[in-house]
Amino acid sequence: MESLQLTNEMIMVLAILGYTVLLFVTEVIPVDVAATLILVMLGLTGLVPQDQLFNGFASNAVLSIIAVMILGAGLDRTGVMNAVANFIMKIGGRTEKTVIPVVSTTVGAISGFMQNVGATALFLPVVSKISAQAKLPLSRLLMPMGFCAILGGTVTMVGSSPLILLNDLLETSNRSLPPGVPTLQSFDLFSTTPIGLALLLTGVLYFLIIGRFLLPKPVADKAQVSNRSASYFSETYGISRKIIEMVVTKDSPLVGMMIEEIEFDPQNPHIVAMDSEDQAMLSPPRSKFIWAGAVIAVLGSQEQVRHFWEKYDLRVLPKLKYFKREFNPTISGTSEAVIVPNSRYLGKKLADFHFRQEYAVTILAISRNNKLYQGEEMYQMELKMGDTFIMHGRWSDQIGLNNSGNVALVGDLPNEQQRPHKIPFALFFLALSLTLVVYTDLRLSLALLTGAVGMIIFGVINVDEAYRSVSWKTVFLLACLIPLGVAMEQTGTAAWIAQNTISMLGEVNQIIYQLTVALLATVFSLVMSNVGATVLLVPLAINIALETGGNPALYALIVALSTSNAFLLPTHQVSALILGPGGYSVTDFLKVGFGMTLLFIVVMLSTVNWLF
């Protein structure tokens, strides 16, 4: 093929490409905002015609992802996962050797038909329940579950965003193919199933044979407190669950103060109940004033409590009297909840929300990367996915917060099936969508939306819940980046990069070119979103294949699969989700993820070449 010369258009695309990678790696601004900025730049520079600039929002890939998210939320709302948890415990036994493969295989299989991060969020409470009943440390179960959820996303073409996006990218590439080159054929729903199953099996065997020896060992007796007992919160977070009742005297400096003024100081205990002016309440609002004669219940360490009553001249009651029933362990207690994707708390401050008024729960602390935040620092920090709330309140109220879809409870709490009578409808419409995908020529988006709309019409999930279930950040990220792939194709930038890459590698075997593409996708997915990595690298991979005589569709598939090879760092959404509840460090991911990364590349390239 004739050597390409660098043009002004190519230089502009390369500049925008470099700027995109910089924004994604540094996250100076949110990735969805960064993607929108790139879209605007492509339009203003004329690199993408204005009549094509917003095609991404109506693309097959974007609508398919929206439908998959709604289908997954529908399954969640029916309580199907409770039945799954009971099934796992029935056949999985109570040892790591039996629980890990059953949990990991189940999560992996479910991830093949819904977003893997959604499957992980659904399974967090399930695995916590199994951990408590089998007396297995949560840190020994969550990483195998999370890794296999990522691997399971490769089982079908709807299991991960890159695979959903792939067919659209192939269609775009077809418009720029040189004369005489056959049109690239799209992949069917189960085209990647043999590859995904091989990867999933590899993941399960890895943790059974090697990985379990690399997983972090619980400190002291932490293995025995995975059911979130009092000692668990004391050992893990230094948070005492001892509750003391006190009476506010008329001379107390507390009189006339608001609760929030007290809780800004991390040295003070938390006021978790108050009986004032004949009104008793758990988790009283932070804006509530404290008056003389009020009875307050505080939760904190012995030192915090002693300092508190001495500083504010309070009368300590010898035992629980006013709130004895409310603080019965069967009614209320302390638990953890991790922020999930698409949570309305993401990017906001804790101070912006009123958990006590809205859900009647008290946030005691926030854990991020094994660091605890309390007091004013906790209220002013910007919340991120994977942040863990340590909270106190009635179990029923905590379940209400969990059901909002903004967090996932971690721990063996009493749970409730929201709409168990809708399970048959949920399963029917999921099966209908998959049947339409496999046996008809309908576009993937239309087939999946059929099931999603069916779930809404038949009350499996209501419209508001459907809107909340969609990760609009992912939607905007995907829709705004698609034009960047178009610009790379139409300006010849991808072909120019491919020629220079081949020139550096020289004349080598096809497997070396494929390995180079796989490693590039792996590295990109560690520092930026897998959607962004796919959009940037698929055009490049296709052009490398065209230059070297390889199969362009196969190279594109290698990119879409390799962007799931994100085990070395907790940068993947699934890893971020399990980081806090599992008590993992970056070192744990490096130690366990290194072997998984190598195995992924070997198995993926072997099965792709065998299959295609």
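Caption draft 1: Representation of the pattern of salt bridges in the model. Across all of its chains, the model carries six salt bridges by this definition. Of the charged contacts, one joins Arg286 and Glu260 as a salt bridge, the two residues approaching to 3.8 Å between their closest N and O atoms. A residue pair is termed long-range when its members are at least 10 positions apart, and Arg286 in the loop between strand 3 (279-282) and strand 4 (295-299) and Glu260 in helix 12 (residues 259-263) qualify at 26 residues. On the basis of relative accessibility, which here comes to 26%, the residue Glu260 falls in the partly exposed class.

Caption draft 2: Structural view of the nonpolar core. If you look at the biggest cluster of nonpolar residues, it comprises 149 residues, and the most contacted ones within it are Leu42, Leu166 and Met604. Leave out the neighbours within four places in its chain, and Leu42 touches Ile16, Leu47, Val48, Leu53, Pro483, Leu484 and Ala487. With 21 residues, the next largest nonpolar core counts Phe355, Phe389, Ile399 and Leu401 among its residues.

Caption draft 3: Representation of the confidence of the model for the protein in the model. For the protein, the average pLDDT comes to 84, and 94% of its residues sit at 70 or higher. Every residue in residues 220-227 is under pLDDT 50, and counting partners more than four places away or in other chains gives 16 contacts.

Caption draft 4: Quick peek at a nonpolar patch on the surface. A cluster of nonpolar side chains, contributed by Leu201, Leu205, Ile209 and Ile210, occupies part of the molecular surface with about 370 Å² of accessible area. Inspection of the secondary structure assignment puts Ile210 in helix 10 (residues 193-214).

Caption draft 5: A look at the pairing of strand 4. The element strand 4 is largely enclosed, with a buried count of five among its five residues. Covered by surrounding structure in strand 4 are Val295, Ala297 and Leu299 together with Ile296 and Val298, the residues of both alternating faces. One ladder, built from five bridges, connects strand 2 (residues 270-276) with strand 4; its direction is antiparallel. Bridging across to strand 4, Met274 finds its partner in Ile296.

Caption draft 6: Spotlight on the sheet that holds strand 2. On the basis of which strands lie adjacent, the open sheet formed by five strands has the order 3-2-4-1-5 and antiparallel pairing. Each end of this open sheet is capped by a strand with a single partner; those strands are strand 3 and strand 5 (314-316). Between one strand axis and the next, the sheet turns by 30 degrees as a mean value, whatever way the strands run. Sheet strands in contact with helix 13 (residues 302-311) are strand 1 (243-248), strand 4 and strand 5, and its direction is about 0 degrees off that of strand 1.

Caption draft 7: Structural detail: the sheet that holds strand 6 (residues 332-339). Reading across from one edge, 8-7-9-6-10 is the order of the five strands in this open sheet, with antiparallel pairing throughout. If you trace the sheet from one side to the other, it starts and ends with strand 8 (371-373) and strand 10 (407-410), each paired once. Each strand axis lies, on average, 35 degrees off the axis of its neighbour in the sheet, ignoring direction. Judged from the six bridges that link them, strand 7 (residues 361-368) and strand 9 (residues 388-394) form a sheet pairing that is antiparallel.

Caption draft 8: Local environment of helix 7 (residues 116-134). With 19 residues, helix 7 should cover 27 Å at 1.5 Å per step; its first-to-last C-alpha distance of 25 Å lies within 8% of that length. Approximately 40 degrees is the largest bend angle found in helix 7, and it occurs at Phe123, with the proline Pro125 only one to four residues beyond. Here helix 7 lies mainly inside the structure; 16 of its 19 residues are buried. Directly beyond the C-terminal end of helix 7, a positive phi value near 55 degrees is found at Lys135.

Caption draft 9: The arrangement of the packing of aromatic side chains in detail. Within the structure shown, the criterion is met by 20 aromatic pairs. Ring geometry for Tyr206 and Phe207: centres 5.4 Å apart, planes at 75 degrees, overall edge-to-face. Plain terms: the ring middles of Phe323 and Phe327 are 6.0 Å apart, the flat faces sit at 55 degrees to each other, and that makes the pair tilted. Looking at Phe323, the relative accessible area reads 1%, which means it is buried. A relative accessible area of 10% places Phe327 in the buried class. The ring of Tyr379 carries Arg286 above its face, with NZ or CZ at 3.8 Å from the centroid.

Caption draft 10: Seen up close, the packing of helix 17 (residues 423-439) against helix 18 (residues 444-457). Packing of helix 17 against helix 18 leaves a shortest axis separation of 8 Å and a crossing angle of 165 degrees. The angle between helix 17 and helix 18 places the two elements in the roughly antiparallel class. The handedness of the crossing between helix 17 and helix 18 is right-handed. Contacts between helix 17 and helix 18 involve Ala426, Phe429, Leu430, Leu432, Ser433, Leu436 and Val437 on the former and, on the latter, Leu444, Ala447, Leu448, Thr450, Gly451, Gly454 and Met455. For the contact of helix 17 with helix 18, a count of residues per class yields 10 nonpolar, four polar and no charged.

Caption draft 11: Representation of the environment of Glu303 within the structure. Structurally, Glu303 is set in helix 13. The class for Glu303 is exposed, based on a relative accessible area of 63%. Measuring from C-alpha to C-alpha, the distance between Glu303 and Gln267 comes to 9.1 Å, with 36 residues separating the pair along the chain.

Caption draft 12: Examining helix 23 (residues 530-548) more closely. Here helix 23 contains 19 residues, and its C-alpha end-to-end distance of 26 Å stays within 8% of the 27 Å for a straight helix at 1.5 Å per residue. At Leu537, helix 23 shows its largest kink, close to 35 degrees, and the proline Pro539 lies no more than four residues downstream. Directly beyond the C-terminal end of helix 23, a positive phi value near 80 degrees is found at Gly549.

Caption draft 13: How the structure looks around the environment of Met455. With respect to the helices and strands, the residue Met455 is situated in helix 18. By relative accessible area, Met455 is classed as buried at 0%. The sequence separation of Met455 and Leu515 amounts to 60 residues, and the corresponding C-alpha distance is 42 Å. With residues up to four places along the chain from it excluded, the contact list for Met455 reads Ile70, Leu71, Gly74, Ala426, Phe429, Leu430, Val460 and Ile461.

Caption draft 14: Representation of the packing of helix 22 (residues 510-527) against helix 23 in the model. Helix 23 packs onto helix 22 with a crossing angle of 170 degrees between their chain directions and a minimal axis gap of 10 Å. Compared by their axis directions, helix 22 and helix 23 come out roughly antiparallel. Here Gln510, Tyr513, Val517, Leu520, Ala521, Phe524 and Ser525 of helix 22 lie close against helix 23, whose contacting residues are Ala533, Leu536, Leu537, Leu540, Ala541, Ile544 and Thr548. Taken together, the residues of the contact of helix 22 with helix 23 sort by class into 11 nonpolar, three polar and no charged.

Caption draft 15: Molecular detail of unusual backbone geometry. Its identity as a non-glycine residue notwithstanding, Asp313 has a phi of 55 degrees, on the positive side. Relative accessible area serves as the criterion here: at 40%, Asp313 is assigned to the partly exposed category. The phi angle at Ala360 is positive, at roughly 60 degrees, despite the residue not being glycine. Note that Ala360 resides in the loop between helix 14 (355-359) and strand 7.

So, how was this worked out
Residues numbered from 1 in each chain as written. Predicted model: local features only at pLDDT ≥ 70, side-chain atom pairs only at ≥ 80, totals over all residues. Heavy atoms only, no water. Salt bridge = Lys/Arg side-chain N within 4 Å of Asp/Glu carboxyl O. Helix = DSSP H or I, 4+ residues; strand = E, 2+ residues; numbered from the N terminus. Buried < 20%, exposed > 50% of the residue type's maximum accessible area, 1.4 Å probe, protein only. Core = buried A, V, L, I, M, F, W, Y, C linked by side-chain atoms within 4.5 Å. Contact = heavy atoms within 4.5 Å. pLDDT = per-residue confidence, 0-100. Patch = residues over 30% accessible without salt bridge, like charges linked within 9 Å, V, L, I, M, F, W, Y side chains within 5 Å. Areas by Shrake-Rupley, 256 points an atom, 1.4 Å probe, with all protein chains shown as cover. Pairing = 2+ DSSP bridges. Axes fitted to C-alpha atoms, helices over the stretch in contact; angles between N-to-C directions. Expected span 1.5 Å × (residues − 1). Bend = angle between axes of the 7 residues up to and from the residue. Phe/Tyr/Trp six-rings, centres within 6.5 Å; stacked < 30°, edge-to-face > 60°. Lys NZ or Arg CZ within 6 Å of the ring centre and 35° of its normal. Parallel < 35°, antiparallel > 145°, perpendicular 65-115°, else oblique. Left-handed = near helix turned anticlockwise from the far one by under 90°. Nonpolar A, V, L, I, M, F, W, Y, C, P; charged D, E, K, R; others polar.

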